Amino acid sequence: MTQQGAVLQGYNNELVKCIEDLCMQKEELNKQIQQAEEEKSKLQYEINVLSKQLECVCEDLAQKVASRNELDKILAETEAAYMKILDSSRTLLNVLKKEVGSLKNTPEVKSN
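Keep in mind it's a predicted model, so treat the numbers as computed, not measured.

So, how was this worked out
- Residues numbered from 1 in each chain as written.
- Predicted model: local features only at pLDDT ≥ 70, side-chain atom pairs only at ≥ 80, totals over all residues.
- Heavy atoms only, no water.
- Helix = DSSP H or I, 4+ residues; strand = E, 2+ residues; numbered from the N terminus.
- Rg over C-alpha atoms; globule rule 2.2 N^0.38 Å.
- Buried < 20%, exposed > 50% of the residue type's maximum accessible area, 1.4 Å probe, protein only.
- UniProt positions renumbered as here; feature names shortened; annotations may be inferred.
- Salt bridge = Lys/Arg side-chain N within 4 Å of Asp/Glu carboxyl O.

Each helix and strand in the protein chain was counted, giving one helix and zero strands. Computed over its C-alpha atoms, the radius of gyration of the protein chain comes to 47 Å, more than 25% above the 13 Å expected for a compact globule of 112 residues. The dimensions of the protein chain, computed from C-alpha atoms along their principal axes, are 165 × 20 × 15 Å. Each of the 112 residues in the protein chain was classed as buried or not, and the buried ones make up 0%.

Spelled out as structure tokens, the structure:
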């Protein structure tokens, strides 16, 4: 029986060692899980911060695009009005030249 007791003791020692190894593996996995959870939380925080920054940039961009579009409209209207002024000025100049030309062809009125 002593031999069987020794074999049983050997099995028991191996079982205890295996259980201790499993406990160490579990502790290591718990550390890795904790680190992964901390990294996940950190990344989620950074995502939230970046999302808020992106939202602000998008709003600012939308306002700037709207302002640019309004300026484009104002510029187009101003350029069109300016072209009308130029056309009117050219017409006025032509009429004035014609009137001055016709004045040169009329006899001068003599004063007494």
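Here, UniProt's "coiled-coil region" (unreviewed entry) annotation points to residues 19-53. For residues 19-53, helix accounts for 100% and strand for 0%, while the C-alpha atoms at its two ends are 50 Å apart.

Turning next to the pattern of salt bridges. Side-chain pairs of opposite charge can arise whenever the charged atoms involved come near each other. Enumeration according to the criterion identifies three salt bridges in this entry. Where Asp-21 meets Lys-17, a salt bridge forms, and the shortest distance between an N and an O atom there is 3.5 Å. Here the residue Asp-21 and the residue Lys-17 both occupy positions in helix 1 (residues 2-105), the gap between them amounting to four residues, near one helical turn. We classify Lys-17 as partly exposed; its relative accessible area is 49%. In this structure, Lys-64 engages Asp-60 in a salt bridge whose closest nitrogen and oxygen atoms are separated by 3.2 Å. Of this pair, Lys-64 and Asp-60 both sit in helix 1, four residues apart, which is roughly one turn of the helix.

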